[in-house]
Amino acid sequence: METWNIIHLNEIDSTMDYVKRNISALPDRSVIWADMQYKGRGRGKNTWLSPRGGLWFSVVLKSKDNMNPWHTMMTFSVALVRTLRRHSVDAWIKWPNDIYVERKKVAGILVENVIKGKPIAQVVGIGLNVNNDIDRTISDKATSLFLQMGKQISLSDLLMTILDEYDSTDSEDIYERWLRFSRLLGMDVELVDNSGVIHNGRVANLLMDGSIELSEKGDKKIYRAGSLILVHEGLATEIQRKTSKIDVSNSHIG
Ligand code: BTN
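Owing to the predicted nature of the structure, the values given are computational and were not obtained by experimental measurement. (Residues numbered from 1 in each chain as written. Predicted model: local features only at pLDDT ≥ 70, side-chain atom pairs only at ≥ 80, totals over all residues. Heavy atoms only, no water.)

A look at the site of the ligand
Lining the immediate surroundings of the ligand are 20 residues, of which S14, Q37, R41, R43 and K105 lie closest. Within the side chain of T15, an N or O atom sits 3.0 Å from a nitrogen atom of the ligand. Taking Q37, its side chain carries an N or O atom lying 2.9 Å from a nitrogen atom of the ligand. In isolation the ligand offers 410 Å² of accessible surface; the protein chains occlude 99% of this area. Among the detected pockets, the ligand sits in the largest pocket. Listing elements by their share of the shell around the ligand, those giving two or more residues are α1 (15-21), β3 (55-61), β6 (104-116) and β7 (118-128). Per-element tally for the shell around the ligand: the top contributor is β6, with 4 residues. Here the shell around the ligand is built from residues that sort into 7 nonpolar, 9 polar and 4 charged. (Near = heavy atom within 4 Å. Polar contact = N/O pair within 3.5 Å; in protein donor to acceptor, adjacent residues only side chain to side chain. Areas by Shrake-Rupley, 256 points an atom, 1.4 Å probe, with all protein chains shown as cover. 1 Å grid on protein atoms, 1.4 Å probe; cavity = no way out; pocket = protein on both sides within 12 Å on 5 of 7 lines; lining within 4 Å. Sits in = over half its atoms within 2 Å of the grid points. Helix = DSSP H or I, 4+ residues; strand = E, 2+ residues; numbered from the N terminus. Nonpolar A, V, L, I, M, F, W, Y, C, P; charged D, E, K, R; others polar.)

In structure tokens:
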């Protein structure tokens, strides 16, 4: 297996922004790992709290056969779930790009294409709550591996396992694997579309292209974007955040 070029930083604004500033100099399979980020960013305009103790990193992929960001998203989602399950944490994928344990988010993934005329690199940002404290403002919707397992875990071991899992997961049948780890099928949800309209329905399908199909009073409808709220026993119990279709944005550099 090819090696990874790991750059370990004490602190940085955001590993995503570090990569973008240095994209030309960074070889394929570079991994920028920071102990803490003071401007960590999530989907859209969301900030991503990144105190010490969590695993915050970005991966640079320059020579992928498949530059489809959704393919990369599925691959890292599966790699993360497999890593957490090795630690007996029952993680699952919540469309489009969150990793959950029970009803709380433990990790989020961003995939951004760097384009200079054509896509020249993909940057994958992963934030995994490990030994870090969970801020009380998000404690109803976020969890950490420490909270799940009751013990601290080595960040470097976790990082290496995720990267190994990525290498052994990147395959043709990734959609089937991804679907197996997604627990939304048959769940009642509220989908808030990008115009703010709420659609109530049951998840009928998660499609290969990253869209979601809801069954709404007998009608099937496909959405490519939205915020998803899980409805549990009549209550909407999930977080409501802006999500883009596949949490992918294209960034144009230089
Ligand atoms: C989400 O909104 O769920 C995606 C969160 C992605 C956070 C990670 S932490 C490492 C990398 N650097 C960032 O600033 N964001 C990503």
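Some remarks on the side chain of E165
Checked against the element boundaries, E165 lands in helix α4 (residues 155-169). Separated by 2.8 Å, the side chains of E165 and R86 make a polar contact. Apart from the residues lying within four places of it in its own chain, the contact partners of E165 are A79, R82, T83 and R86. (Contact = heavy atoms within 4.5 Å.)

Section: the domain arrangement of the chain
The domain architecture assigned to the chain consists of domain 1 (5-182) and domain 2 (188-242). Once you take the C-alpha centre of each, domain 1 and domain 2 turn out to be 24 Å apart. Taken over both partners, the interface formed by domain 1 and domain 2 buries close to 1,600 Å², and the fraction arising from carbon and sulfur atoms is 59%. When the area that domain 1 buries against domain 2 is broken down by residue, the three leading residues are W95, R103 and Y175, summing to 47%. For the pair domain 1 and domain 2, the interface holds 0 salt bridges. The interface formed by domain 1 and domain 2 holds 4 residue pairs in polar contact (both at pLDDT 80 or more) in total. Elements supplying a minimum of two residues to the side of domain 1 that touches domain 2: α2 (69-86), β4 (91-94), β5 (98-101), β6 and α5 (174-180). Considering each element in turn, the side of domain 1 that touches domain 2 owes the most residues, 3 residues, to α5. (Domains from an automatic or database assignment. Buried area = accessible area lost by both parts, 1.4 Å probe. Salt bridge = Lys/Arg side-chain N within 4 Å of Asp/Glu carboxyl O.)

Concerning the packing of α2 against α4
The interhelical angle for the contact between α2 and α4, taken along N-to-C directions, is 130 degrees, at an axis separation of 8 Å. Comparing their axes, α4 and α2 come out oblique. Crossing of α2 against α4: the hand is right-handed. In this structure, α2 contributes T75, F76, V78, A79, L80, R82, T83 and R86 to the contact, and α4 contributes L158, T161, I162, E165, Y166 and T169. Considered class by class, the residues forming the contact of α2 with α4 number 7 nonpolar, 4 polar and 3 charged. (Axes fitted to C-alpha atoms, helices over the stretch in contact; angles between N-to-C directions. Parallel < 35°, antiparallel > 145°, perpendicular 65-115°, else oblique. Left-handed = near helix turned anticlockwise from the far one by under 90°.)

Structural notes on unusual backbone geometry
Working note: non-glycine residues mostly have negative phi, and peptide bonds are mostly trans. Cis geometry marks the peptide bond from W95 to P96; its omega dihedral reads 0 degrees. Counting through the fold element by element, P96 comes out in the loop between β4 and β5. The residue S88 is not glycine, and still its phi comes out positive at about 60 degrees. Examined against the element boundaries, S88 turns out to sit in the loop between α2 and β4. For K217, which is not glycine, the phi torsion reads 45 degrees and is therefore positive. Position of K217 relative to the elements: it lies in the loop between β10 (212-216) and β11 (219-223).

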